[in-house]
Amino acid sequence: MDPTTLARSERKRMGAHYTPPALARLLADKIIEYMGPPVAGRVRVLDPACGDGKLLQAAMEALRRRGVEGSRVVGVEADASALAEARKTLTGHGDDVVELIAGDFLHLAVGFQPQRDLWPDPAPEGGLHGDFDVVIANPPYVRTQVLGAARAQQLARQFELSGRIDLSHVFIQAMTLALRAGGILGIITSNRFMSTLAGKAIRAFVSTNIELLELIDLGDTKLFEAAVLPAVLLGRRRDHRPSSSRCVVPFARVYSQLRTAPDKVSLMPRSGTVVEALAAGDEGIIRVSDGTYDITRGFLSITPGSDDVWALLSPRESDLVARLQEKSCGTIGDVAHVRVGIKTTADDVFIRKDWASLPTEKRPESELLRPLLSHEDACRWAMQRQHRPLGQVLYPHFVSGGAKRVADLKCYPRTLAYLEDFRSRLEARRYVVEAGRKWYEVWVPQDPGAWQSPKLVFPDISPEPRFFLVEEDYVVNGNCYWLMLRPEASEDLLYLILAVANSTLMTRFHDAAFGNKLYAGRRRYITQYVAKYPLPDDHTKVARHIVLLARKVVTLARTGNTEQAGQIEQAIDALVHEAYGFDLNGEPQ
Ligand SMILES: C[S@@+](CC[C@H](N)C(=O)[O-])C[C@H]1O[C@@H](n2cnc3c(N)ncnc32)[C@H](O)[C@@H]1O
């Protein structure tokens, strides 16, 4: 069965995005290469989420190419129709060679958890004794939200993981425990666990229990239909707890290059596709049949047991990050609060552009309708003076006597009449009511008193930085973030941050330090990243010059003078480079 025939929601629930054949072969070849000659007798291979069996087939073929005969493969699959496909794929090898098990691998895996006796419902042994030579897998990637909180919590407890786990984290742990000491793990999974907060526990688990052999971040190569960006992880199960000395792991990272001039293509590839280019060890900007890509190679240093982010940086990128941090005297987070905008959890009730078209008796009182800045209002530097936010939010929150309060709807009869029409929907947000709050509240209103302060606003996802100054009393929507200076910071700092955050140098820092690009070159701008931007000393001459020009460019942007603003923007960019000791080509001065 082709997983594309599964309904989209069903595919999401099962995490079923199958591995394309070229990638299956690359993974299988690498595993067998790292495996070395088999220790004794047969090689036992497991795919715990085998889908149509193509990864197991690739593993068997790779073993055969290496002259290893008599392997035995085990596939587990929860979806009966996929398992039937696997049976067809692997037909003709004989029952003593292929064993396919219908079931939930995680249930079976409880059988080889260290403390399984403590579980009320220990799984049957099911033939999985935790002594496989090879695990090859593309485990289901199902986020907590889709998994459901109850199931996520149960799995986290059972597998002793903490934080916002997703199904692939649990699989990685269970698959590792299915290996014998010295056995090889080769998996394809989302690259997110390498850089996210949610990946902390699994990074610590992997670095403790696995000697990492190689990492490949497949970035936005679109090798899968899934929305997540995939990565390949290859490692060897350790036979004892590691010493704390750091390990050095080779990595490759590949992202598509959307707008590359022909003279920037650095390499005539030895290969026809991006997967072949990776297998051949190509590096640099390559043009292949399926697109133009930038392949970066380097080494990642990991301390066993550490939950540090795995940033796959080339030596040049590491230098850039180190130099920026060395030349800075703090981060944005030290001088400003960086927050996401409001979350209503019922946007079509609270946010509209057509409030004026409602019948008068149901048109909320104007005191509760506030201009709302959203993605669609975002720009660089500042909005044009005549621009008004396109939407308005019904915002029943205010500050009085220094405390956040909720409007009493008895005083706002038209708002009450409007909201009554949606009462059952709003009350269905049980988390609001159960938190002791009014049924008509916005779920995350942020601090209503803070909207009056000057702030920088930026969209959460954008191909380039779009930080802009907002001095008006506007509310910010949840698809944007905003930052506001801490009380002791001077206003000049807001302009310095604006200039730094919009610069090409900080974009390079962002890519290098957080490596979290999405499809089509878009970047994610969130608190976790922006708060870590290093800032230059604001007392230096160059910083004061930056502030002066940033003020100018804001004024020009407000009047719509884009040509002059563009020229000043270039001057600011050069000064930002200078502030960190770089020339405009990004070379240290
Ligand atoms: C990403 S697909 C990978 C399939 C195949 N190994 C490949 O690489 O093409 C993940 C598979 O895991 C299966 N699956 C999901 N949850 C499972 C579970 N708890 N136990 C076993 N299989 C599961 C899904 O049905 C799906 O076929």
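Just above, that's the structure.
Residues numbered from 1 in each chain as written. Predicted model: local features only at pLDDT ≥ 70, side-chain atom pairs only at ≥ 80, totals over all residues. Heavy atoms only, no water.

## Digging into the pattern of salt bridges
- Enumeration according to the criterion identifies 27 salt bridges in this entry.
- Put simply, E441 and R437 hold a salt bridge, and the shortest N to O gap is 2.9 Å.
- With relative accessibility at 6%, the residue E441 sits in the buried group.
- Taking the relative accessible area as the measure of exposure, R437 reaches 22% and is therefore partly exposed.
- The partner of D511 in a salt bridge is R523, with the nearest N and O atoms 2.7 Å apart. Of this pair, D511 sits in helix α18 (residues 504-514) while R523 sits in strand β23 (residues 523-524), and the two are 12 residues apart along the sequence.
- In the salt-bridge network here, residues are joined through shared partners; they are R25, D29 and R65. (Salt bridge = Lys/Arg side-chain N within 4 Å of Asp/Glu carboxyl O. Buried < 20%, exposed > 50% of the residue type's maximum accessible area, 1.4 Å probe, protein only. Helix = DSSP H or I, 4+ residues; strand = E, 2+ residues; numbered from the N terminus.)

## Digging into the packing of aromatic side chains
- Inspection of every chain in the model, using the stated rule, returns 14 aromatic pairs.
- A ring pair is formed by W355 and Y418, whose centres lie 5.1 Å apart and whose planes are at 65 degrees; its orientation type is edge-to-face. Placement of the pair is W355 in the loop between β12 (351-352) and β13 (369-373) and Y418 in helix α14 (residues 413-420), with a sequence separation of 63 residues. You'll find W355 and Y418 in the same group, each marked buried.
- When the ring of Y431 is compared with that of W443, the centres are 4.8 Å apart and the planes differ by 75 degrees; the resulting orientation is edge-to-face. (Phe/Tyr/Trp six-rings, centres within 6.5 Å; stacked < 30°, edge-to-face > 60°.)

## Looking at the nonpolar core
- Formed by 59 residues in total, the largest nonpolar core has its most connected members in L483, Y533 and I572.
- In terms of residues, this core owes the most to one element, helix α20 (residues 541-559), which gives 10 residues.
- Those residues within four positions of L483 in sequence are excluded, and the remaining contacts are I332, A336, H337, V338, K455, L456, F458, L494, I497 and V530. (Core = buried A, V, L, I, M, F, W, Y, C linked by side-chain atoms within 4.5 Å. Contact = heavy atoms within 4.5 Å.)

## A few points about the sheet that holds strand β1 (residues 44-47)
- Spatial ordering of the open sheet is given by β3-β2-β1-β4-β5-β7-β6-β8-β10-β9, a layout of 10 strands whose pairing is mixed. Edge positions in the sheet fall to β3 (98-102) and β9 (284-288), since each has one partner strand and no second. If you compare each strand with its neighbour and ignore which way they point, the axes differ by 20 degrees on average.
- In this fold helix α2 (residues 21-35) packs onto β4 (132-137), β5 (179-190), β6 (210-217) and β7 (230-237), with an angle of close to 160 degrees to the strand it touches most, β5. (Pairing = 2+ DSSP bridges. Axes fitted to C-alpha atoms, helices over the stretch in contact; angles between N-to-C directions.)

## Notes on empty space enclosed by the protein
- According to the stated counting rule, one finds 2 cavities of 30 Å³ or more in the structure shown.
- By volume, the largest cavity is sized at about 40 Å³.
- Every residue along the wall of the largest cavity is listed here: S207, I210, E211, L212, R238, C247, V249 and I302.
- Secondary-structure elements contributing two or more residues to the lining of the largest cavity are β6 and β8 (247-256).
- When residues in the lining of the largest cavity are grouped by element, the largest group, 3 residues, is from β6.
- Classifying every residue of the lining of the largest cavity gives 5 nonpolar, 1 polar and 2 charged. (1 Å grid on protein atoms, 1.4 Å probe; cavity = no way out; pocket = protein on both sides within 12 Å on 5 of 7 lines; lining within 4 Å. Points joined across faces, edges and corners; volume = space filled by probe spheres on them. Nonpolar A, V, L, I, M, F, W, Y, C, P; charged D, E, K, R; others polar.)

## Structural notes on the packing of α20 against helix α21 (residues 562-579)
- Running from N to C, α20 and α21 point in directions that differ by 160 degrees, and their axes come no closer than 9 Å. What the angle tells us is that α20 and α21 run roughly antiparallel. Two packed elements cross with a definite hand, and for α20 against α21 that hand is left-handed. Between α20, through V542, H545, I546, L549, A550, K552, V553 and L556, and α21, the contact on the second element is made entirely by Q564, A565, I568, E569, A571, I572, L575, V576, E578 and A579.
- Of the residues that constitute the contact of α20 with α21, the class distribution is 13 nonpolar, 2 polar and 3 charged. (Parallel < 35°, antiparallel > 145°, perpendicular 65-115°, else oblique. Left-handed = near helix turned anticlockwise from the far one by under 90°.)

Remember that the coordinates give geometry; whether it matters functionally is a separate question.
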